[in-house]
Amino acid sequence: MERNYAAFILKDSDGYTVVFPDLPGCMSAASTFDEAYNNAREVLPAYLDTMRAEKMDIPEPTPFENSVADPEDIDAVVGKLLVPAKMPGHMVRTNITIDSYLLDAIDRITTNRSAFFNELAEQEVKRRMPA
């Protein structure tokens, strides 16, 4: 599943810094605004992966409209972003029943049934979840 975290882009004399208020320590530096934006999309998943590996609790994101920059940074804010991050759980083995014709068709287009079903299930859950 996916979570969206608010990030702020700050400008100072050295360039730009991206910070995530919900994730202290999750930040990235850049020389341009565009680079800062792109870095935000890279640093967030890496930071969350590290938190998962260290078995740290990952906080729920604050709703975008309620997210505020640190008061010390407020004058440096030049942008506010909503950055998506995949939040995978752990894989669980399960048995399913499926029509043999459909399974044959799936096997003709993929060598990894689990990845195939996982990707389709994720898309369908996202489509059916209320916004």
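Everything numeric here is computed off the predicted structure, so don't read it as measured data.

Trainee: Explain the overall build of the chain to me, please; I cannot follow it from the model alone.
Mentor: Helices and strands together make up the secondary structure of the chain, namely three helices and four strands. Moving toward the C terminus, one meets the helices and strands of the chain in the order β-β-β-α-β-α-α. Taken against the 2.2 N^0.38 rule, which gives 14 Å for 131 residues, the C-alpha radius of gyration of the chain at 19 Å runs more than 25% over that of a compact globule. Based on the C-alpha atoms only, the size of the chain along its principal axes is roughly 65 × 30 × 25 Å. Out of the 131 residues in the chain, the part that is buried amounts to 27%. At a minimum sequence separation of 6, the contacts of the chain that also span at least 24 residues come to 55%.

Trainee: So what exactly am I meant to see when it comes to the sheet that holds strand β4 (residues 77-86) here?
Mentor: Read from one edge to the other, the open sheet built from four strands follows the order β3-β2-β1-β4, with strand pairing classed as antiparallel. One side of each edge strand has no neighbouring strand; the edge strands of this open sheet are β3 (27-30) and β4. Averaged over all pairs of adjacent strands, the angle between their axes in this sheet comes to 25°, without regard to strand direction. Taken together, the four bridges between strand β2 (residues 15-19) and β3 define a ladder with antiparallel strand orientation. Looking across to β3, one finds that V19 is bridged to M27. Sheet contacts for helix α1 (residues 33-53): β1 (2-12), β2, β3 and β4; angle to β4, the most-contacted strand, approximately 40°.

Trainee: For this particular structure, what's the right way to read the packing of aromatic side chains?
Mentor: Remark: the centre distance and the inter-plane angle together describe each pair of aromatic rings, the angle taken between the planes. Counted by the stated rule, this structure contains two aromatic pairs. Between Y16 and F33 the ring centres are 6.1 Å apart and the planes differ by 85°, which places this aromatic pair in the edge-to-face class. With Y16 in strand β2 and F33 in helix α1, this pair connects stretches of sequence that are 17 residues apart. Relative accessible area serves as the criterion here: at 15%, Y16 is assigned to the buried category. Seen in terms of ring centroids, F116 and F117 are 5.8 Å apart; in terms of plane orientation they differ by 80°. Their pairing is edge-to-face. The class for F117 is partly exposed, based on a relative accessible area of 28%. Positioned above the aromatic ring of Y16 is the side chain of K11, whose terminal nitrogen or guanidinium carbon lies 4.8 Å from the ring centre. Its end group placed over the ring of F64, K80 keeps NZ or CZ at 4.4 Å from the ring centre.

Trainee: So what exactly am I meant to see when it comes to the environment of D34 here?
Mentor: Here D34 lies in helix α1. In sequence terms D34 and Y5 are 29 residues apart; their C-alpha atoms lie 18 Å from each other.

So, how was this worked out
Residues numbered from 1 in each chain as written. Predicted model: local features only at pLDDT ≥ 70, side-chain atom pairs only at ≥ 80, totals over all residues. Heavy atoms only, no water. Helix = DSSP H or I, 4+ residues; strand = E, 2+ residues; numbered from the N terminus. Rg over C-alpha atoms; globule rule 2.2 N^0.38 Å. Buried < 20%, exposed > 50% of the residue type's maximum accessible area, 1.4 Å probe, protein only. Contact = heavy atoms within 4.5 Å. Pairing = 2+ DSSP bridges. Axes fitted to C-alpha atoms, helices over the stretch in contact; angles between N-to-C directions. Phe/Tyr/Trp six-rings, centres within 6.5 Å; stacked < 30°, edge-to-face > 60°. Lys NZ or Arg CZ within 6 Å of the ring centre and 35° of its normal.

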